[in-house]
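Now for the letters of each chain:
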Amino acid sequence: MNNKKKIALWVIAALQFNATLYFVLLFALEGQGLTLFGTPLTDLGPNNGVQVVGLILGVVLGWMALRMSLQRAERAETALRHCTVQFADVLEEHFRDWHLTPAERDVAVFLIKGLNTRAIAEMRGTSEGTIKAQTNAINRKAGVAGRAQLLSLFIEDLMDDALMPGPKPQLSQAA
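Our subject in this report is the structure included herewith.

Procedures and definitions
- Residues numbered from 1 in each chain as written.
- Predicted model: local features only at pLDDT ≥ 70, side-chain atom pairs only at ≥ 80, totals over all residues.
- Heavy atoms only, no water.
- Patch = residues over 30% accessible without salt bridge, like charges linked within 9 Å, V, L, I, M, F, W, Y side chains within 5 Å.
- Areas by Shrake-Rupley, 256 points an atom, 1.4 Å probe, with all protein chains shown as cover.
- Salt bridge = Lys/Arg side-chain N within 4 Å of Asp/Glu carboxyl O.
- Helix = DSSP H or I, 4+ residues; strand = E, 2+ residues; numbered from the N terminus.
- Buried < 20%, exposed > 50% of the residue type's maximum accessible area, 1.4 Å probe, protein only.
- Core = buried A, V, L, I, M, F, W, Y, C linked by side-chain atoms within 4.5 Å.
- Contact = heavy atoms within 4.5 Å.
- Expected span 1.5 Å × (residues − 1).

## Regarding a nonpolar patch on the surface
Together, Ile-56, Leu-57, Val-60, Leu-61 and Met-64 make up a nonpolar patch on the protein surface, roughly 440 Å² of accessible area in all. Inspection of the secondary structure assignment puts Val-60 in helix α2 (residues 48–98).

## Focus on unusual backbone geometry
One non-glycine residue, His-99, lies in positive phi territory at about 55°. On the accessibility criterion, His-99 (63% relative accessible area) is exposed.

## Digging into the nonpolar core
Formed by 18 residues in total, the largest nonpolar core has its most connected members in Phe-95, Trp-98, Ile-138, Leu-150 and Phe-154. Elements with a minimum of two residues in this core: α2, α3 (102–113), α4 (117–124), α5 (128–142) and α6 (147–159). Per element, the largest residue contribution to this core is five residues, and it comes from α3. Residues within four places of Phe-154 in sequence aside, it is in contact with Phe-87, Val-90, Leu-91, His-94, Phe-95, Trp-98 and Ile-112.

## Topic: α5
With 15 residues, α5 should reach 21 Å at 1.5 Å per residue; the first-to-last C-alpha distance of 21 Å fits that figure. Listed as buried for α5 are Ile-131, Gln-134, Thr-135, Ala-137, Ile-138, Asn-139 and Ala-142. Two residues or fewer after α5 comes Gly-143, characterised by a positive phi angle close to 75°.

## Brief notes about the pattern of salt bridges
This model, assessed by the stated rule, comprises six salt bridges. For Glu-104, the salt bridge goes to Lys-141, with nearest N and O atoms at 2.8 Å. Separated by 37 residues along the polypeptide, Glu-104 in helix α3 and Lys-141 in helix α5 bring together distant segments of the chain. Accessibility expressed as a relative area gives 8% for Glu-104, which makes it buried. Given the relative accessible area of 27%, Lys-141 is considered partly exposed. Here Arg-118 ties to Glu-128 by a salt bridge, and the two come within 3.4 Å at their closest N and O atoms. Residue Arg-118 is located in helix α4, and its partner Glu-128 is located in helix α5; the two are separated by 10 residues in the primary sequence. When its relative accessible area of 52% is taken as the criterion, Arg-118 is described as exposed. A relative accessible area of 32% places Glu-128 in the partly exposed class.

This is a description of form; function is not addressed.
Encoded structure:
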């Protein structure tokens, strides 16, 4: 979650807290028989006690929900960073195993990102024929028939139990 959203949530929570504090003070003053700008506080509305309790509960539960939401967002961002690092590690491992040249590495990354031959050629400043030749070399070195199989190699590695967080499934042995 970006900082602007976090700040906006905290400002809303602070405003809600401020309003609750105001009504709690009004309720406390009402118990003392005081007036607000010459108006008896009992004239401000019925069931002020219920409203104050509702506001207090709203603030407490709102703050708890806000905290949990921010913690959940932080955990999700951390997990995404870990996945990104793992994906980069998997890419590097395969590229090293396949002995890709630096140009082939660049083309492979663009292929995995979903760019077409023309776009890759424009970005690399080469001809489409060169990109096609490099794509064929990548496919040959990786032992795949095309882009879909190339991408599936990386997805399979990322979904491998060794990279998945949490407890490993237990294999049952048949007697």
